[in-house]
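# Survey of secondary and tertiary structure
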Amino acid sequence: ETGVTQTPRHLVMGMTNKKSLKCEQHLGHNAMYWYKQSAKKPLELMFVYNFKEQTENNSVPSRFSPECPNSSHLFLHLHTLQPEDSALYLCASSQDRTLSTTNEKLFFGSGTQLSVL
Amino acid sequence: SQKIEQNSEALNIQEGKTATLTCNYTNYSPAYLQWYRQDPGRGPVFLLLIRENEKEKRKERLKVTFDTTLKQSLFHITASQPADSATYLCALGGSQGNLIFGKGTKLSVKP
């Protein structure tokens, strides 16, 4: 148990559906992240939140919409996705956003395996 | 552009042997490097961090080296066990705070 919980674990949706992924961390961290992991590709950073403020958006299409109501919760709202969006979506947290302190490490949830039909 | 390569997609070894995984990088000067373990259907789990001014770091049966001249990190698992079978990811961290991940190496330890 890493202290980061993601729901649902699996999700199948059509291209016209709207769904949301949820992430909750119980570690008292201030930074939360969304990553995308596709087969045979490196983890891709999507969004970063630090103290509830979005600090990074890595040119992610607008059909992905993040929401961070507080430092413990993170959502990823999905709408009109494409089949190529099928992937494992991972949430992570760290003490804060300044990974340059060299003591930071990421704590990941188990991910949501998303299939877009 | 920045590039990270982990030596192979898959590595098969016999139980009891030492597994050595390689992480090479180009066009980057990381301040530190991390290794993660990922099991099927799970998120990555942090294992070790090594800074640019450190040559070697150990934790139980794990050893990581970092050669900034060769732009390479080696990750060793000694006395390997079937339970060590997993995908291992290296990640580079810089002053900008972003972690850049490699694709990972899938390690299989046969009894």
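Along each chain, residue indices are assigned from 1 in the same order as the chain's sequence is written. Chain letters and ligand numbers both follow the written order, the letters beginning at A and the numbers at 1. Residue-level local features of this predicted model are given only where pLDDT is at least 70; pairs of side-chain atoms are given and counted only at 80 or more, and the full residue set underlies all totals for whole chains, interfaces and linings. Each side-chain value is derived from all of the structure's non-hydrogen atoms; neither hydrogens nor water enter the calculation.

### With respect to the overall build of chain A
For clarity, the threshold we go by: Helix and strand assignments follow DSSP, with helices taken as H or I runs no shorter than four residues and strands as E runs no shorter than two, numbered in order from the N terminus. Atoms counted for the radius of gyration: C-alpha only. Globule rule: 2.2 Å times residue count to the power 0.38. The buried label applies to any residue whose accessible area, calculated with a 1.4 Å probe on protein chains only, is under 20% of its type's maximum; exposed applies above 50%, and partly exposed to all values in between. Every residue pair with non-hydrogen atoms within 4.5 Å of one another is taken to be in contact. Each accessible area is a Shrake-Rupley result for a 1.4 Å probe, and residues are judged covered by the shown protein chains and nothing else.
Check the secondary structure of chain A and you find zero helices and 11 strands. Of the regular secondary structure in chain A, the N- to C-terminal order runs β-β-β-β-β-β-β-β-β-β-β. Computed over the C-alpha atoms, the radius of gyration of chain A is 14 Å, within 12% of the 13 Å expected from 2.2 N^0.38 for a compact globule of 117 residues. Taking the principal axes of its C-alpha atoms as reference, chain A extends roughly 40 × 30 × 25 Å. Burial analysis of chain A (117 residues in total) assigns 49% to the buried set. Within chain A, counting contacts between residues at least 6 apart in sequence, those at least 24 apart form 56% of the total. With the model as given, the accessible surface of chain A reaches about 5,400 Å², and the carbon-plus-sulfur share is 50%.

### Focus: the interface of chain A and chain B
Quite often, the size of an interface is put as the accessible area lost when its parts meet. Test applied: Buried area: the accessible surface (1.4 Å probe) lost by two parts on joining, summed over both. Each salt bridge in this description consists of a side-chain nitrogen of Lys or Arg and a carboxyl oxygen of Asp or Glu lying within 4 Å of one another. In protein, a polar contact means a hydrogen-donor-capable atom and an acceptor-capable atom, both N or O and within 3.5 Å, with residues adjacent in sequence counting only if both atoms are side-chain atoms; elsewhere, any N or O pair within 3.5 Å suffices.
Across the boundary between the two partners, chain A contributes 22 residues, which contact 21 residues of chain B. Together chain A and chain B conceal approximately 1,800 Å² of surface at their shared face, both sides included; 51% is due to carbon and sulfur atoms. At the surface where chain A touches chain B, the tally comes to one salt bridge. Viewed at the interface, chain B and chain A are joined by five residue pairs in polar contact (both at pLDDT 80 or more). At the level of secondary structure, the elements contributing two or more residues to the side of chain A that touches chain B comprise β4 (31–37) and β9 (87–94) of chain A.

### Quick notes on the packing of aromatic side chains
Inclusion rule: In this scheme Phe, Tyr and Trp rings, the latter by its six-membered ring, pair at centre separations within 6.5 Å, and the angle between planes marks the pair as stacked below 30 degrees, edge-to-face above 60, and tilted otherwise.
This model, assessed by the stated rule, comprises 11 aromatic pairs over all chains. Aromatic pair Y35 of chain A and F108 of chain A: ring centres 5.6 Å apart, planes at 55°, arrangement tilted. Placement of the pair is Y35 of chain A in strand β4 and F108 of chain A in strand β10 (residues 107–108), with a sequence separation of 73 residues. Across the pair, exposure class does not vary: Y35 of chain A and F108 of chain A are buried alike. Considering the side-chain rings of Y36 of chain B and F46 of chain B, the 5.7 Å spacing of their centres and the 75° angle between planes classify their relative orientation as edge-to-face. Of this pair, Y36 of chain B sits in strand β4 (residues 32–38) while F46 of chain B sits in strand β5 (residues 45–51), placing them 10 residues apart in sequence.

### A look at the confidence of the model for chain B
Worth spelling out the cut-off: Every residue gets a pLDDT, meaning the predictor's confidence in that residue, from 0 to 100.
On average, chain B scores 92 in pLDDT, and the residues at 70 or more come to 97%. Strand β8 (residues 72–77) of chain B holds the highest mean pLDDT among the elements of chain B, 97, whereas strand β1 (residues 3–6) of chain B holds the lowest, 87.

### Re the sheet that holds strand β3 (residues 18–25) of chain A
Adjacent strands of a sheet pair through backbone hydrogen bonds, lying either parallel or antiparallel. Residue and element names in this part refer to chain A. We apply this condition: Criterion used throughout: strands pair if DSSP finds at least two bridges between them. Only the stretch in contact is used when fitting a helix axis, every axis being a line fitted to C-alpha atoms; angles between N-to-C directions are given from 0 to 180 degrees.
The strand order across the open sheet formed by four strands is β1-β3-β8-β7, and the pairing between neighbours is antiparallel. The open sheet is flanked by β1 (4–7) and β7 (64–70), the only strands paired with a single partner. For this sheet, the mean angle separating the axes of adjacent strands, direction not counted, is 15°. The pairing of β1 with β3 spans four bridges and is classified as antiparallel. When the bridges of β3 are listed, Q6 appears paired with C23.

### Re the nonpolar core
Formally: Put simply, a nonpolar core is a bunch of buried Ala, Val, Leu, Ile, Met, Phe, Trp, Tyr and Cys residues held in one set by side-chain atoms that sit within 4.5 Å of each other.
Among the nonpolar cores identified, the biggest contains 24 residues, and L21, L33, W35, F75, I77, Y88 and L107 of chain B are the most heavily contacted of them. Of all the secondary structure elements, the ones that give two or more residues to this core are β2 (10–14), β3 (19–26), β4, β5, β7 (62–67), β8, β9 (86–93) and β11 (105–110) of chain B. One finds L21, W34, A87 and L114 of chain A within the second-largest nonpolar core, a separate group that totals 22 residues.

### Concerning the environment of Q38 of chain B
With respect to the helices and strands, Q38 of chain B occurs in strand β4. A sequence separation of 49 residues divides Q38 of chain B from T87 of chain B, and the C-alpha atoms of the two residues are 5.1 Å apart. If we ignore the near neighbours within four places in the chain, the residues touching Q38 of chain B are Q37, L88 and L90 of chain A together with G43, P44, A86, T87 and L89 of chain B. A polar contact of 2.9 Å, which involves the side chain of Q38 of chain B, links it to the backbone oxygen of R42 of chain B.

### Digging into the pairing of β5 of chain B
All names here are of chain B. The buried count for β5 comes to five of seven residues, which makes it a mostly enclosed element. Examined bridge by bridge, β4 and β5 share six bridges and lie antiparallel to one another. Counterpart to Y32 in the pairing with β5 is R51. In this structure, the hairpin formed by β4 and β5 is closed by a connection of six residues, where G41 is found at a positive phi of approximately 75°.

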